[in-house]
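Coordinate analysis (summary)
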Amino acid sequence: MLTVEERQEIEKEIHHYEHKQAACIEAMKIVQRHRGWVSDESIRDIAAMMDMSPTALDSVATFYNLIFRKPVGKHVIMICDSVSCWIMGYENMRDHLCRKLGIQLGETTADGRFTLLPIVCLGTCDHAPAMMIGDTLYRDLTPEKIDTILKQYA
Amino acid sequence: MIDRPLTKNIDLSREPFSIKEYEAAGGYQGVHKALKEFTDPKSIVDLVKNAGLKGRGGAGFSTGLKWSFVPMGPDAPRPRYLVCNGDEMEPGTFKDRLLLEGDPHSLIEGMICTAYAIQAEVAYIFLRWGYTLAEQRLSKAIAEAYQAGYLGKSILGTGFNLDLHLHISAGRYICGEETALLNSLEGKRANPRTKPPFPQVSGLFGKPTIVQNVETLCNVHHILVHGVDWYKGLSRCEDGGTKLYGVSGKVKKPGVWELPMGVTVREILEDHAGGMRDGLKLKGFLPGGASTDFLVEEHLDLKMDYATIGKAGSRMGTGTMIILDDQTCPVGMVLNLTRFFAQESCGWCTPCRDGLPWSVKLLEAIEKGEGKPEDLDRLAAQCRFMGPGNTFCALAPGAAEPIQSSLKYFKEDFERHLAEKRCPWRS
Ligand SMILES: Cc1cc2nc3c(=O)[nH]c(=O)nc-3n(C[C@H](O)[C@H](O)[C@H](O)COP(=O)(O)O)c2cc1C
Ligand code: SF4
C-alpha cells in the first residue's frame, strides 16, 4: 500500500499535467525515493492510482534506466562509462571499485551497503573520471580518492 | 555592452544569483521589455529570427523560424506549451550544466520571453536525472520568480499567464530527442514520434509545442534587451551570438568557455584548453559530442560554426569537443561510443536496434585482435543502413558518424589490429 505521504506527493505532481497518467514516471520516482526501489506491489498500487493497468505501467518502468525494479543496496554507486571518462581512465576506476567492494558491475555487496552500476555520461567531462553515489557527484577520480570517498559511507 | 551574455553572472565558487542579485545585475529587463514594449508577440519572433539565433541542442535550426510555425490567433489550439530540453546526456557534453547550475534565473527569464513570443501558458523544464545541484537551484529560482510575480497569473499586470514546472527524467538518452521527450513528459515510453506533424503544430498532449535547448533559451532575453546588431556583432560568422565551447580528453585544461560563435578549433584547443598534455599528440577529435564525425589535425584552423564544420564533413553538434590523443586506441574509443548508442537505442527501427549491437560485436572482435579483413566492409555497410532517411530519428545516423569517420581517418589503425591480432595500444 502507498503511504499517505507518498499519495500526497503524487497528487501534487498530477496537477502539473493535462492528463493524470503523465505523472506516472514522477510517481514511480517518488515511491523509489521512499523505498529504494519499485516492487511489483508498488507497480500495482501506482497503476491503480493512475487509472492504468499494471502491465502498461511496468512497460514504462522498464524503459527508463533509473527506475529500479529490483532491490538495491543502501548506497547506489553509479560510475560513468562514457567516452570522456573512458579516455581518462574509467576501466582502472571500475576495476578498483570492483576489487574494493568485492562485487562486479550490477551487483550488491553482501552486507547490502553498496550497489555498483555503470551509468552513461554524467555531463562533467572536464572533470573525468566521475561517479555519483546517490545524489552526490564525485569528480577527477583516482584510486586513492575513491578509497577516501568510500570511507565516508562505511 | 556585454560580450559574454550567457556567463556574465556565473561564478561557480559561490551560489548563483538570487532573484534580487539577478535583478540588480540587469536581470528580468527582458521580461519587462517583452511584455510591455512588444505588444505584438510576433515582433519578438521576427527579432529572434533576424538575430540569427540557431538552436544550441545540436541541430542548429533557426530558432525564430521554428517559433513562426506555431499556429497563432483566436482560433489556434490552446494551451500552447514551451519545453526546455535540459536532458544533456550526449556523451562528452557538459555545457548546459554550467548554465543550469550557474545562473538559473537566466534560463527562467529566457523561457518567459519565449513563452510570451509564442503565447504559451504552460512551460516545462525537462531536466536529466543526475543534475541534482541544478535541480535544487532551479527549484529555488522558480519559487522566487513566482513570488516576484514573473510567473503565475497576469505577469507584471499584463494579463499574460505562465506556469513553469520542473520535470526530472528517469534517465534514457533518447529522451533528449524532442518528440521522445514529449512522450516521456506524457508519462509514456520515450519512443520518438513520426514527423510531421511537427511539435510546433501538434506536440505535448497534441497541442502546439516548442522544444528548445537550455543554451538557446538563455540567449533570448539578451537579444530583446540589446538588439539584433549587438547580437550579430558578438559573432565571428554569419550565425549570431556567442557559444559555449567545451573540451574534454587529455588536454592540459579541460573546460567550457563562452566565446564568439565561429572561433577556430585551434583557439579553443590551444588558447583555452591549454593544448595537449605533455608527451601526447592530437590524433583526432569529435567536434560536438559523441554523435559527430571525427575530424583531424588538418581541420584545426576551421571555424567552429555550423556551416564550416558541416562543410568539413562533420557537425558542430553541441560544440563540446572530445579529444583523441595518440596514446588512446581509436578502435577502443569507437567501440565505447557504439556500445553507448546500442544500449540507448529505443529499439523502434531495425537498422538501429539490430545494426548497433552488430557493430559493437564487429568492433569488439577487431579490438581484441579477432577481427577479419571483411569486417571493415561490414562495419561500413552497417553505417550506410543506419544513415539518414533509414530510421525514425537521428540517433542511428548520429551513431554511425564516429564509426564511418574513424574508418576514413584511422583505417591503418584498424588494419594494424587485424594484422597484429591484438590491440597495439594494450600492453
Ligand atoms: C538522440 C538524440 C538526443 C538528443 N538530446 C538532446 C539533448 O539532450 N538536449 C537538447 O537540447 N537537444 C537534444 N537533441 C536535439 C533535440 O531533438 C532538439 O533538436 C532540440 O532540443 C531543439 O532545441 P534547439 O533548437 O534549441 O537546439 C537530441 C536529438 C537526438 C536525435
Ligand atoms: S533510430 Fe534508434 S533511437 Fe531513433 S527511433 Fe529508431 S530505434 Fe529508436
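What you see is a predicted model; the values in this text were computed from it and never measured.

1. A closer look at the nonpolar core
- One finds Met131 of chain A together with Leu107 and Met333 of chain B to be the most contacted residues of the largest nonpolar core, which totals 207 residues.
- In terms of residue count, helix 6 (residues 104-118) of chain B provides more of this core than any other element does, nine residues in total.
- Aside from chain neighbours lying at most four places away, what touches Leu107 of chain B is Cys84, Leu100, Ile125, Leu138, Val214, Leu217 and Cys218 of chain B.

2. Quick word on the interface of chain A and chain B
- Counting residues at the interface gives 38 residues for chain A and 57 residues for chain B.
- Roughly 3700 Å² of surface becomes buried between chain A and chain B when both sides are summed, with 59% attributable to carbon and sulfur atoms.
- Among the residues chain A hides against chain B, the three largest losses belong to Glu18, Phe63 and Ile87 of chain A. Together they make up 19% of the total.
- One can count 21 residue pairs in polar contact (both at pLDDT 80 or more) joining chain A with chain B.
- Across the side of chain A that touches chain B, the residue classes tally to 21 nonpolar, ten polar and seven charged.

3. A look at the sheet that holds strand 3 (residues 131-133) of chain A
Residue and element names in this part refer to chain A.
- Spatially, 2-1-3-4 is the arrangement adopted by the four strands of the open sheet, whose pairing is mixed. With partners counted over all chains shown, the strands left at the sheet margins are strand 2 (114-119) and strand 4 (136-138), one partner each. Neighbour-to-neighbour, the strand axes of the sheet open up by a mean angle of 20°, direction not taken into account.
- Pairing between strand 3 and strand 4: three bridges, direction antiparallel. Considered in strand 4, the bridge of Met131 is made with Tyr138.

4. Digging into the site of ligand 1
Residues and elements named next belong to chain B.
- Contacts to ligand 1 come from 18 residues, most closely from Gly57, Asn85, Glu88, Asn213 and Thr216.
- Measuring from an oxygen atom of ligand 1, one finds a backbone N or O atom of Gly57 at 2.7 Å.
- Between ligand 1 and Glu88 there is a distance of 3.0 Å, counted from an oxygen atom to a backbone nitrogen or oxygen.
- The protein chains hide 88% of the 610 Å² of surface that ligand 1 would expose on its own.
- Per-class residue counts for the shell around ligand 1 are five nonpolar, seven polar and six charged.

5. Some points on unusual backbone geometry
- Geometrically, the link from Ala128 of chain A to Pro129 of chain A is a cis peptide bond, its omega value of -5° lying close to zero.
- Structurally, the position occupied by Pro129 of chain A is in the loop between strand 2 and strand 3.
- The phi angle at Ser154 of chain B is positive, at roughly 40°, despite the residue not being glycine.
- Note on placement: Ser154 of chain B falls in the loop between helix 7 (132-147) and strand 3 (163-168).
- Phi at Leu156 of chain B is positive, roughly 50°, even though this residue is not glycine.
- Considering the arrangement of structural elements, one finds Leu156 of chain B in the loop between helix 7 and strand 3.
- Assessed through its relative accessible area of 25%, Leu156 of chain B is described here as partly exposed.

6. Describing the domain arrangement of chain A
- According to the domain assignment, chain A consists of domain 1 (4-63) and domain 2 (75-151).
- Computed from C-alpha atoms alone, the centre-to-centre distance between domain 1 of chain A and domain 2 of chain A is 29 Å.

7. Concerning the packing of helix 13 (residues 330-344) of chain B against helix 17 (residues 395-409) of chain B
Residue and element names in this part refer to chain B.
- Interaxial distance between helix 13 and helix 17 falls to 10 Å at its minimum, and their mutual angle equals 165°. When the axis of helix 13 is compared with that of helix 17, the two are roughly antiparallel. Note on packing geometry: the crossing formed by helix 13 with helix 17 is left-handed. For the pair helix 13 and helix 17, contact is made by Val334, Leu337, Thr338, Phe341 and Glu344 and by Leu395, Ala399, Pro402, Ile403 and Ser406, respectively.
- Residue classes in the contact of helix 13 with helix 17 are distributed as seven nonpolar, two polar and one charged.

8. With respect to helix 16 (residues 375-385) of chain B
- Where helix 16 of chain B is concerned, the buried positions are Asp375, Leu376, Leu379, Ala381, Gln382 and Cys383 of chain B.
- Looking at the buried positions of helix 16 of chain B, the neighbouring elements they touch are helix 15 (355-368), helix 17 and helix 18 (411-420) of chain B.

9. Considering helix 9 (residues 214-226) of chain B
Residues and elements named next belong to chain B.
- Of all the 13 residues making up helix 9, eleven are buried; the element is thus mostly covered by neighbouring parts of the structure.
- Those residues of helix 9 that sit buried are Val214, Glu215, Thr216, Leu217, Cys218, Asn219, Val220, His221, His222, Ile223 and Leu224.
- For helix 9, the N-terminal cap is Asn213; the gap from its side-chain oxygen to the backbone nitrogen of Glu215 is 2.8 Å.
- Gly227 occupies a position one or two residues after helix 9 and carries a positive phi of about 95°.

10. Here's the deal with the domain arrangement of chain B
Residues and elements named next belong to chain B.
- Examined at the domain level, chain B breaks down into domain 1 (19-233), domain 2 (245-325) and domain 3 (330-420).
- Here the C-alpha centroids of domain 1 and domain 2 sit 28 Å apart.
- For the domain 1 and domain 2 pair, buried surface summed over both sides reaches about 1100 Å², with 63% attributable to carbon and sulfur atoms.
- Considering only the side of domain 1, the residues that lose the most area to domain 2 are Gly58, Glu90 and Phe94, jointly responsible for 40% of the buried surface there.
- Per-class residue counts for the side of domain 1 that touches domain 2 are four nonpolar, six polar and four charged.

11. Here's the deal with the pattern of salt bridges
Residues and elements named next belong to chain B.
- Scanning the entire structure with this criterion turns up 40 salt bridges over all chains.
- With a shortest N-O distance of 3.2 Å, Glu401 and Arg315 are connected by a salt bridge. With a gap of 86 residues between them, Glu401 in helix 17 and Arg315 in the loop between helix 12 (306-311) and strand 8 (320-325) connect regions that are remote in the sequence.
- Its relative accessible area of 12% is what places Glu401 among the buried residues.
- Where Glu364 meets Arg339, a salt bridge forms, and the shortest distance between an N and an O atom there is 2.9 Å.

Analysis parameters
- Residues numbered from 1 in each chain as written.
- Chains lettered and ligands numbered in written order.
- Predicted model: local features only at pLDDT ≥ 70, side-chain atom pairs only at ≥ 80, totals over all residues.
- Heavy atoms only, no water.
- Core = buried A, V, L, I, M, F, W, Y, C linked by side-chain atoms within 4.5 Å.
- Buried < 20%, exposed > 50% of the residue type's maximum accessible area, 1.4 Å probe, protein only.
- Helix = DSSP H or I, 4+ residues; strand = E, 2+ residues; numbered from the N terminus.
- Contact = heavy atoms within 4.5 Å.
- Buried area = accessible area lost by both parts, 1.4 Å probe.
- Polar contact = N/O pair within 3.5 Å; in protein donor to acceptor, adjacent residues only side chain to side chain.
- Nonpolar A, V, L, I, M, F, W, Y, C, P; charged D, E, K, R; others polar.
- Pairing = 2+ DSSP bridges.
- Axes fitted to C-alpha atoms, helices over the stretch in contact; angles between N-to-C directions.
- Near = heavy atom within 4 Å.
- Areas by Shrake-Rupley, 256 points an atom, 1.4 Å probe, with all protein chains shown as cover.
- Domains from an automatic or database assignment.
- Parallel < 35°, antiparallel > 145°, perpendicular 65-115°, else oblique.
- Left-handed = near helix turned anticlockwise from the far one by under 90°.
- Salt bridge = Lys/Arg side-chain N within 4 Å of Asp/Glu carboxyl O.

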